[in-house]
Amino acid sequence: MIGRVLHYFPSLNQLQKNRLLHLKELFEWWNQRINLVSRKDMENFDDHHLLHSLAMAAFISFPDKSSVVDAGTGGGLPGIPLAILFPEVKFHLVDSISKKMTAVAEICTALGLTNVSHECNRIEKVKEKFDYVVSRAVAPLPDIVRWTKGKINHQKHLHPEPGIFYLKGGDIADELISLPLNHRVYHLKEKISGSYFETKLLVHLYK
């Protein structure tokens, strides 16, 4: 159980390990009632969802007391695993599908996550600003940039630079050309082994 996660994140404390194990159990329970992820993909949950969500932490670390919004969180990915990994960071999970947000709320309560809030809404309509946006391939990059315009505290002096961290796969060259932002692209295969991660990317968009 979650052995690959522990291999790449060996410094997790016992509470974090227990929460990640419990998260998998909760996902299995909810996924039988609500389609949070493809049901036939649950057997690959550790790699395709849990480790993929945490993969950005193999490249960057969110500063303590910073704020992160998960745009289009679905069933709470990548926000919930990241909130477990970064307990001193505030996470706000947003999705417009109410039944998924019901599951997210129940999962966060069951895990005892005090650094997570949630909102059933479209990300464009969220009123707060955040230091970082995270998301997992919910739309083309130009769309996520447009939807989150005005939601990021770009004036803050943080490392990494405030902006968007987007988990995506495949060829994104055409999407990047049209964006009025700086970018860094990290190849997940450089830090995480396995065929699933061969074409997976982490894109950092910032001013």
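Look up: the structure comes first, before these words.
Summarised in this report is the structure supplied together with it. (Residues numbered from 1 in each chain as written. Predicted model: local features only at pLDDT ≥ 70, side-chain atom pairs only at ≥ 80, totals over all residues. Heavy atoms only, no water.)

1. A closer look at the overall build of the protein chain
Okay, so step 1: In terms of regular secondary structure, the protein chain is built from seven helices and seven strands.
Okay, so step 2: Secondary structure of the protein chain in N-to-C order comes out as α-α-α-β-α-β-α-β-β-α-β-α-β-β.
Okay, so step 3: In terms of overall dimensions, the protein chain is globule-like: its C-alpha atoms have a radius of gyration of 16 Å, near the 17 Å expected for 207 residues.
Okay, so step 4: Out of the 207 residues belonging to the protein chain, those deemed buried represent 56%.
Okay, so step 5: If you take every contact in the protein chain between residues at least 6 apart in sequence, the share linking residues at least 24 apart comes to 68%.
Okay, so step 6: A gap of 4 Å separates the mean positions of the 26 positive and 22 negative side-chain charges of the protein chain. (Helix = DSSP H or I, 4+ residues; strand = E, 2+ residues; numbered from the N terminus. Rg over C-alpha atoms; globule rule 2.2 N^0.38 Å. Buried < 20%, exposed > 50% of the residue type's maximum accessible area, 1.4 Å probe, protein only. Contact = heavy atoms within 4.5 Å. Lys, Arg positive; Asp, Glu negative; His and termini not counted. Charge placed at Lys NZ, Arg CZ, Asp CG, Glu CD.)

2. Quick word on the nonpolar core
Okay, so step 1: If you look at the biggest cluster of nonpolar residues, it comprises 51 residues, and the most contacted ones within it are Val5, Phe27, Phe62, Ile80, Phe91 and Ile107.
Okay, so step 2: Where this core is concerned, the elements lending two or more residues are helix H2 (14-31), helix H3 (45-54), helix H4 (79-85), strand E2 (90-95), helix H5 (98-111), strand E4 (132-136) and strand E5 (163-169).
Okay, so step 3: Here this core gets six residues from one element, more than from any other, and that element is H5.
Okay, so step 4: Membership of the second largest hydrophobic core comes to 21 residues, among which are Val69, Val145, Tyr166 and Val203. (Core = buried A, V, L, I, M, F, W, Y, C linked by side-chain atoms within 4.5 Å.)

3. Section: the pattern of salt bridges
Okay, so step 1: Under the definition given, this model contains seven salt bridges.
Okay, so step 2: Residue Arg122 pairs with Glu124 through a salt bridge whose shortest N-O separation is 3.1 Å.
Okay, so step 3: One salt bridge connects Lys156 with Asp131, and the closest N-O pair in it is separated by 3.2 Å. One end of the pair, Lys156, is in the loop between helix H6 (141-147) and E5; the other, Asp131, is in the loop between strand E3 (116-120) and E4, and 25 residues separate them in sequence.
Okay, so step 4: Look at Lys156 and you get partly exposed, because its relative accessible area is 38%. (Salt bridge = Lys/Arg side-chain N within 4 Å of Asp/Glu carboxyl O.)

4. A closer look at the packing of H2 against H3
Okay, so step 1: Contact geometry of H2 with H3 gives a least axis separation of 12 Å together with a crossing angle of 130 degrees. Classified by the angle their axes make, H2 and H3 are oblique. Between H2 and H3 the crossing geometry is right-handed. Only Phe45, Asp46, Leu50 and Leu54 of H3 make contact with H2, whose side of the interface consists of Leu20, Leu23, Lys24 and Phe27. (Axes fitted to C-alpha atoms, helices over the stretch in contact; angles between N-to-C directions. Parallel < 35°, antiparallel > 145°, perpendicular 65-115°, else oblique. Left-handed = near helix turned anticlockwise from the far one by under 90°.)

5. Re the packing of aromatic side chains
Okay, so step 1: With the rule as written, the count across this model stands at nine aromatic pairs.
Okay, so step 2: An angle of 85 degrees between the planes, with centres 6.3 Å apart, marks the rings of Phe62 and Phe91 as edge-to-face. Separated by 29 residues along the polypeptide, Phe62 in the loop between H3 and strand E1 (67-71) and Phe91 in strand E2 bring together distant segments of the chain.
Okay, so step 3: Among the residues examined, Phe62 registers a relative accessible area of 2% and is labelled buried.
Okay, so step 4: It is Arg33 that lies over the ring of Trp29; its NZ or CZ is 3.6 Å from the centre. (Phe/Tyr/Trp six-rings, centres within 6.5 Å; stacked < 30°, edge-to-face > 60°. Lys NZ or Arg CZ within 6 Å of the ring centre and 35° of its normal.)

6. Notes on the pairing of E5
Residues in a regular strand point their side chains to alternate faces of the sheet.
Okay, so step 1: E5 sits mainly inside the fold: six of its seven residues count as buried.
Okay, so step 2: Both E4 and E5 contribute to a ladder of five bridges, which runs parallel. What sits directly across from Ser135, in E5, is Tyr166.
Okay, so step 3: The parallel pair E4 and E5, bridged by H6, forms a crossover whose chirality is right-handed.
Okay, so step 4: Where E5 meets strand E7 (residues 200-206), seven bridges bridge the pair, whose relative direction is antiparallel. (Pairing = 2+ DSSP bridges. Right-handed = clockwise from strand over helix to strand, strands pointing away.)

It is worth stressing that arrangement in space is one thing and function is another; only the former is reported here.
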